[in-house]
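# Understanding the architecture of this molecule
Below are the chains, spelled out letter by letter.
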Amino acid sequence: QSNETLSADLKAAETRLKKLNQELSDLQKEHTATSSALTSLETKYNALNKSYEYLLENNNALLASNQKENQQLVEKLNTLQRQLGSKEDSLRTEQNRLEYLSKQLQEREARVYELESLMARQDSTVQMVRKRLKDALLNFDGKGLTVEIRNGKVYVSLENSLLFPSASWTVQNEGEKALTELAKVLAENPDLSVMVEGHTDADAYNGRTAVKDNWDLSVMRATSIVKILTANAGVNKANITAAGRSEYAPIASNDNAEGKAKNRRTEIIITPDLSELSSLLEETKD
């Protein structure tokens, strides 16, 4: 879910980047058009100015007799000068806006690059943890233990046949060996967040102690595993959570023995530290 959220945020950032690029292109086109208009006005201004000087120097008599027409030319010249000044102001405004958008675009690009780099590092961490766990738990491969990556997280799934006797939450020797090896990997990476989820099948559990049903049983099994993991002094206890899912997150049908055996499991979900990524996303939103 976190990965989907991050991917959606990245897509939004890329869409915004594309929009800013389009705005930059439009402004550049507008700048070109404005510059052309300015050049044209300057040319007209120069032409009129030359005409005006020629009339002053060589046609005093004509100017005297056509004072009204001369006044019109002066007014037109003044109008053109005002228009030219206005165009220059507009051009400066557009240039400033273009510079601002360019700076904003560069900042966005830098943030997107940083976000992509951080996500790549997170993926690399997940892949590294998966490989390290696969290597550490190699002796338990095919004995009810699997390691895989889902949704940007490492899932270590252990069948109850490896961990617990029926209706019990006491971990068997073989299961404890596997958990001890897993704890060594967690101790090497104290920033990892770990969720231990206990799961049961749909058969009712009627306990006579404080553990009365499948909810209680799944939680007790998760807690038993957490205690073994945290027995390793290097494991960060603050980053480990024990949870019970009872029978309500099955991965197979509860209508047959094979499906029930798959549903009776414990999943250890390992997530890399996403605090840096979350901070960067908040900065990007701002």
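Our structure's up above, just so we're on the same page.
In what follows, the accompanying structure is described. No experiment lies behind these values; they were computed from the predicted model shown.

### Re the side chain of Asn214
- Here Asn214 is to be found in helix H6 (residues 214–229).
- For Asn214, a relative accessible area of 5% corresponds to the buried category.
- Within the structure, the side chain of Asn214 is placed 3.4 Å from the backbone oxygen of Asp201, a separation counted as a polar contact.
- Side-chain polar atoms of Asn214 contact the side chain of Glu247, separated by 3.0 Å.

### Topic: the nonpolar core
- The biggest cluster of nonpolar side chains holds 33 residues, and the ones touching the most others in it are Val156, Ile268 and Ile270.
- When residues of this core are traced back to their parent elements, those giving at least two are helix H3 (67–136), strand E1 (145–150), strand E2 (153–159), helix H4 (160–163), helix H5 (173–188), strand E3 (193–199), H6 and strand E5 (265–271).
- Excluding residues that lie within four positions of it along the chain, Val156 makes contacts with Leu133, Leu137, Leu145, Thr146, Val147, Leu182, Thr266, Glu267, Ile268 and Ile270.
- Core analysis: the next-biggest nonpolar cluster, separate from the first, contains 7 residues, Leu17, Leu98, Leu101 and Leu105 among them.

### Observations regarding the environment of Arg150
- In this fold, Arg150 is placed in strand E1.
- Sequence spacing of Arg150 and Ile269 is 119 residues, and the spatial spacing of their C-alpha atoms is 9.4 Å.
- At 3.5 Å, the side chain of Arg150 forms a polar contact with the side chain of Glu267.

### Quick look at the pattern of salt bridges
- Across all of its chains, the model carries 11 salt bridges by this definition.
- Close ionic contact of Arg132 with Glu188 constitutes a salt bridge, the shortest N to O distance being 2.9 Å. With Arg132 in helix H3 and Glu188 in helix H5, this residue pair connects regions lying 56 residues apart in the sequence.
- Judged by its relative accessible area of 29%, Arg132 falls in the partly exposed class.
- When salt bridges with common partners are traced through the structure, they connect Glu148, Arg150, Arg265 and Glu267 into a single cluster.

### Considering the pairing of strand E4 (residues 240–244)
- In this structure, E3 lies alongside E4, joined through 5 bridges in parallel fashion. Paired with Val194 across the bridge in E4 is Ile240.
- Each parallel crossover has a hand, and the one from E3 via H6 to E4 is right-handed.

### Structural notes on unusual backbone geometry
- Backbone geometry places Asn151, a non-glycine residue, at a positive phi of 55°.
- You can see Asn151 is positioned in the loop between E1 and E2.
- Among the residues examined, Asn151 registers a relative accessible area of 46% and is labelled partly exposed.
- For Ser246, which is not a glycine, the phi torsion comes out positive at approximately 55°.
- Turning to its location among the elements, Ser246 is positioned in the loop between E4 and helix H7 (257–263).

### Focus: the sheet that holds E1
- Pairing within the open sheet is mixed, and its 5 strands lie in the order E1-E2-E5-E3-E4. Of all strands in the sheet, those with a lone pairing partner are E1 and E4, marking the two edges. Geometrically, the sheet is characterised by an average inter-axis angle of 20° between neighbouring strands, direction not taken into account.
- Pairing between E3 and E5: 7 bridges, direction antiparallel. The residue bridging His199 from the neighbouring strand is Arg265, located in E5.

### Considering the packing of aromatic side chains
- Under the definition given, this model contains 1 aromatic pair.
- Just above the ring of Tyr155 sits the side chain of Arg150; from NZ or CZ to the centre is 3.9 Å.

### A word on the packing of H5 against H6
- Viewed as axis vectors pointing N to C, H5 and H6 meet at an angle of 55°, and their least axial separation amounts to 9 Å. As judged from the angle between their axes, H5 and H6 are oblique. When the axes of H5 and H6 are compared, the crossing they make is right-handed. For the pair formed by H5 and H6, the contact residues are Glu176, Leu179, Thr180, Leu182, Ala183 and Leu186 on the first element and Ile225, Ile228 and Leu229 on the second.
- The class makeup of the residues in the contact of H5 with H6 is 7 nonpolar, 1 polar and 1 charged.

### Regarding H6
- Between the first and last C-alpha of H6 there are 23 Å, a value that for 16 residues agrees with the 22 Å anticipated at 1.5 Å per step.
- If you check which residues of H6 are buried, you get Asn214, Leu217, Ser218, Arg221, Ala222, Ser224, Ile225, Val226, Ile228 and Leu229.
- Against H4, H5, E3, E4 and E5 lie the buried residues of H6.
- Two to three positions downstream of the cap, the backbone nitrogen of Trp215 sits 3.2 Å from a side-chain oxygen, assigning the N-cap of H6 to Asp213.

What counts as what
Residues numbered from 1 in each chain as written. Predicted model: local features only at pLDDT ≥ 70, side-chain atom pairs only at ≥ 80, totals over all residues. Heavy atoms only, no water. Helix = DSSP H or I, 4+ residues; strand = E, 2+ residues; numbered from the N terminus. Buried < 20%, exposed > 50% of the residue type's maximum accessible area, 1.4 Å probe, protein only. Polar contact = N/O pair within 3.5 Å; in protein donor to acceptor, adjacent residues only side chain to side chain. Core = buried A, V, L, I, M, F, W, Y, C linked by side-chain atoms within 4.5 Å. Contact = heavy atoms within 4.5 Å. Salt bridge = Lys/Arg side-chain N within 4 Å of Asp/Glu carboxyl O. Pairing = 2+ DSSP bridges. Right-handed = clockwise from strand over helix to strand, strands pointing away. Axes fitted to C-alpha atoms, helices over the stretch in contact; angles between N-to-C directions. Phe/Tyr/Trp six-rings, centres within 6.5 Å; stacked < 30°, edge-to-face > 60°. Lys NZ or Arg CZ within 6 Å of the ring centre and 35° of its normal. Parallel < 35°, antiparallel > 145°, perpendicular 65-115°, else oblique. Left-handed = near helix turned anticlockwise from the far one by under 90°. Nonpolar A, V, L, I, M, F, W, Y, C, P; charged D, E, K, R; others polar. Expected span 1.5 Å × (residues − 1).

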